[in-house]
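Working through the structure, step by step
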Amino acid sequence: MSTLAPLRLLREPSNASEGNQSNATLGASGGWCQGLDIPNELFLALGLVSLVENLLVVAAILKNRNLHSPTYYFICCLAVSDMLVSISNLAEMLFMLLLEHGVLVMRPSIVRHMDSVIDMLICSSVLSSLSFLGVIAVDRYITIFYALRYHSIMTLQRAVVTMASVWLASTVSSTVLITYYRSNTILLCLIVFFLFMLVLMLVLYIHMFALARHHLHSISSQQKPPAAHRGGSLKGAVTLTILLGVFFICWGPFFFNLILIVTCPTNPFCTCFFSYFNLFLILIICNSVIDPLIYAFRSQELRRTLREVVTCS
C-alpha cells in the first residue's frame, strides 16, 4: 500500500472522468507533482502518540472532580474526537494492510461495507473535532468577557446539550456525507462549515488578543509595571497566536483540497495538489497530537492529575 486515502470523496473527485484525471495527471507529472510517499510507520507512530495523549487527558478529567466543569468537559470531548481520528485512521490502515497481505480474506461487498463504516467514523470524528475547537473558543471568550456571568451563561445543562448536539450533528452529517459523497453540494457544505469555524475562531481570538494587548499597554503606561502581569498578558497573546496558527496549518490544506475538488478537478495544478493528500492527513493527525499540549497540558491542575494517573497514585 503506497498511499492511505481514507475518504472516497477525496480519492475520487466527482467532476472528473477517469480519462480526464489520467490526462491531467500525465500533464502535471513533472517534478514535484509525483506526490509524497509517507511510510505507514509514521501514521502508526503519530496515531499511537495521539491516542495515548488524549486517553490520558480523558482519564485525568474523569478522575479529578475539580475538573468537572463545562470548560474541561469540552476539552474532554475534543480529546475523545481526536482519539477517534487516530483510532479510525489506524483501523483503516491496518484493515487495508491485512487485506493486501492476504491475512484477511473477505468478499468485495463486505470490504466496501467495512470501508463505508470506517469512512463514516473518520468523517464523524473530524467534524466533531473541528466543532469542539469552535466550542472551546466560544467558552474561552465567555470566560474572559463575561467572567462574572460565566456560571449563569454556561450552565452544566447547557454544556451537556451542546456536547450532545455536536456528537449528534457530526454523526448525522458524516452519514449523509458518505452516502452522497459524489455530490458537490456536500463538499460545499463541508467547505462552508470549515470557513465558518475559521472565521468564528479568528474573530473571537482577535478580540481576546486585542484585550490582552490593551491590558499590556495599560500596565506598561504605569510608572512601575508589574512584571508578572506583563508576562501573563504576553503569554495569553502568544497562546492565542499559537492556537490560530496551528488550526490554520493543520486544517487548511485538507479543506483547500476540497475546494480544488469542487472548482478544478481536472486542472493539472489541482491534480498535483491531490497527490499530496497523505501529507494533509498527517497534518490532521498532528493536530490531534498538538491539541492536548495547547488545550489541556497548560492547566496546572490537569498536569498534576496526569502525573497521578501515570504513576497510578
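Per an unreviewed UniProt entry, the recorded name for the protein is Melanocyte-stimulating hormone receptor, and the organism is Sitta europaea. Entered under Function (unreviewed entry) in the UniProt record, the comment concerning the protein runs "Receptor for MSH (alpha, beta and gamma) and ACTH. The activity of this receptor is mediated by G proteins which activate adenylate cyclase." Word for word, the UniProt comment on the protein under Sequence similarities (unreviewed entry) is "Belongs to the G-protein coupled receptor 1 family."

Let us now look at the overall build of the protein. A count of helices and strands for the protein gives twelve helices and zero strands. Each helix and strand of the protein, ordered N terminal to C terminal, gives the series α-α-α-α-α-α-α-α-α-α-α-α. Per-residue burial for the protein yields a buried fraction of 44% across its 313 residues. A sequence separation of at least 24 residues applies to 83% of the contacts in the protein between residues at least 6 apart.

With that out of the way, let us pick up the packing of aromatic side chains. When we look at a pair of aromatic rings, we describe it by the centre distance and by the angle of the planes. Scanning the entire structure with this criterion turns up nine aromatic pairs. When the ring of Phe-254 is compared with that of Phe-255, the centres are 5.1 Å apart and the planes differ by 80 degrees; the resulting orientation is edge-to-face. Across the pair, Phe-255 and Phe-254 agree in class, each one buried.

Considering the arrangement of structural elements, one finds Phe-194 in helix α8 (residues 184-220). C-alpha of Phe-194 to C-alpha of Leu-127: the two residues are 67 residues apart in sequence and 9.2 Å apart in space. With sequence-adjacent residues up to four places away left out, Phe-194 is seen in contact with Leu-130, Phe-247, Trp-251, Gly-252 and Phe-255.

As a further point, take the confidence of the model for the protein. Mean pLDDT for the protein: 78, with 81% of residues reaching 70 or above. Scored below 50 in pLDDT, residues 14-29 makes 19 contacts in the model with residues more than four places away or belonging to other chains. Overall, residues 227-233 carries pLDDT values under 50, and its contacts beyond four positions in sequence, including any with other chains, amount to eight contacts.

With that settled, the discussion passes to the UniProt feature "transmembrane region" (unreviewed entry) in the protein. The feature "transmembrane region" (unreviewed entry), as annotated in UniProt, sits at residues 42-62, 74-97, 117-138, 159-179, 185-212, 233-256 and 276-297 in this numbering. Within residues 159-179, the helical portion is 100% and the strand portion 0%, while the C-alpha atoms at the span's ends are 30 Å from each other. Segment residues 276-297 splits into 91% helix and 0% strand. End C-alpha atoms: 31 Å apart.

Counting residues in hydrophobic clusters, the biggest one holds 80 residues, and the most contacted among them are Phe-247, Trp-251 and Tyr-295. Apart from the residues lying within four places of it in its own chain, the contact partners of Trp-251 are Val-126, Ser-129, Leu-130, Leu-133, Phe-194, Ile-284 and Asn-287.

Before going further, it helps to spend a moment on the environment of Leu-98. With respect to the helices, strands and loops of the structure, Leu-98 is situated in helix α4 (residues 70-100). Relative accessible area serves as the criterion here: at 36%, Leu-98 is assigned to the partly exposed category. In contact with Leu-98, other than residues within four places in its own chain, are Val-103 and Leu-104.

Moving on: the state of the cysteines. Overall, the coordinates contain one disulfide when judged by the stated rule. Covalently, Cys-264 is tied to Cys-270 through a disulfide, its sulfur atoms 1.7 Å apart. Across the disulfide from Cys-264 to Cys-270, rotation about the S-S bond amounts to roughly -75 degrees, and the bridge is consequently left-handed. There is no split in this pair, since Cys-264 and Cys-270 are both buried. Not engaged in a disulfide, the cysteine Cys-76 finds its nearest cysteine sulfur in Cys-77; these two sulfurs lie 5.9 Å apart.

With that settled, the discussion passes to the pattern of salt bridges. Inspection of the entire model under this criterion finds two salt bridges. Here Glu-301 makes a salt bridge to Arg-304, at a shortest N to O gap of 2.7 Å. Note that Glu-301 and Arg-304 are positioned in helix α12 (residues 300-311) at a spacing of three residues, about one turn of the helix. Glu-308 is the partner of Arg-304 in a salt bridge, and the nearest nitrogen-oxygen pair spans 2.7 Å. Placement of both Arg-304 and Glu-308 in helix α12 is noted, with a separation of four residues, approximately one turn of the helix.

Looking now at the packing of α4 against helix α7 (residues 156-179). Packing of α4 against α7 brings their axes to within 10 Å, and their N-to-C directions diverge by 15 degrees. Between α4 and α7, the angle falls in the class roughly parallel. Crossing of α4 against α7: the hand is right-handed. When α4 is examined against α7, the residues Pro-70, Tyr-73, Phe-74, Cys-77, Val-80, Ser-81 and Leu-84 are found in contact with a partner set consisting of Leu-156, Ala-159, Thr-162, Met-163 and Trp-167. Residue composition of the contact of α4 with α7, grouped by class: ten nonpolar, two polar and no charged.

Among the secondary structure elements, Asp-291 is positioned in helix α11 (residues 277-296). In this structure, Asp-291 is buried with no salt-bridge partner, the nearest side chain bearing the opposite charge being Arg-140 at 9.7 Å. Those residues in contact with Asp-291 that sit more than four places away from it in its chain are Leu-78, Asp-82, Ser-129, Leu-133 and Ala-296.

Analysis parameters
- Residues numbered from 1 in each chain as written.
- Predicted model: local features only at pLDDT ≥ 70, side-chain atom pairs only at ≥ 80, totals over all residues.
- Heavy atoms only, no water.
- UniProt positions renumbered as here; feature names shortened; annotations may be inferred.
- Helix = DSSP H or I, 4+ residues; strand = E, 2+ residues; numbered from the N terminus.
- Buried < 20%, exposed > 50% of the residue type's maximum accessible area, 1.4 Å probe, protein only.
- Contact = heavy atoms within 4.5 Å.
- Phe/Tyr/Trp six-rings, centres within 6.5 Å; stacked < 30°, edge-to-face > 60°.
- pLDDT = per-residue confidence, 0-100.
- Core = buried A, V, L, I, M, F, W, Y, C linked by side-chain atoms within 4.5 Å.
- Disulfide = S-S within 2.5 Å.
- Salt bridge = Lys/Arg side-chain N within 4 Å of Asp/Glu carboxyl O.
- Axes fitted to C-alpha atoms, helices over the stretch in contact; angles between N-to-C directions.
- Parallel < 35°, antiparallel > 145°, perpendicular 65-115°, else oblique.
- Left-handed = near helix turned anticlockwise from the far one by under 90°.
- Nonpolar A, V, L, I, M, F, W, Y, C, P; charged D, E, K, R; others polar.
- Lys, Arg positive; Asp, Glu negative; His and termini not counted.

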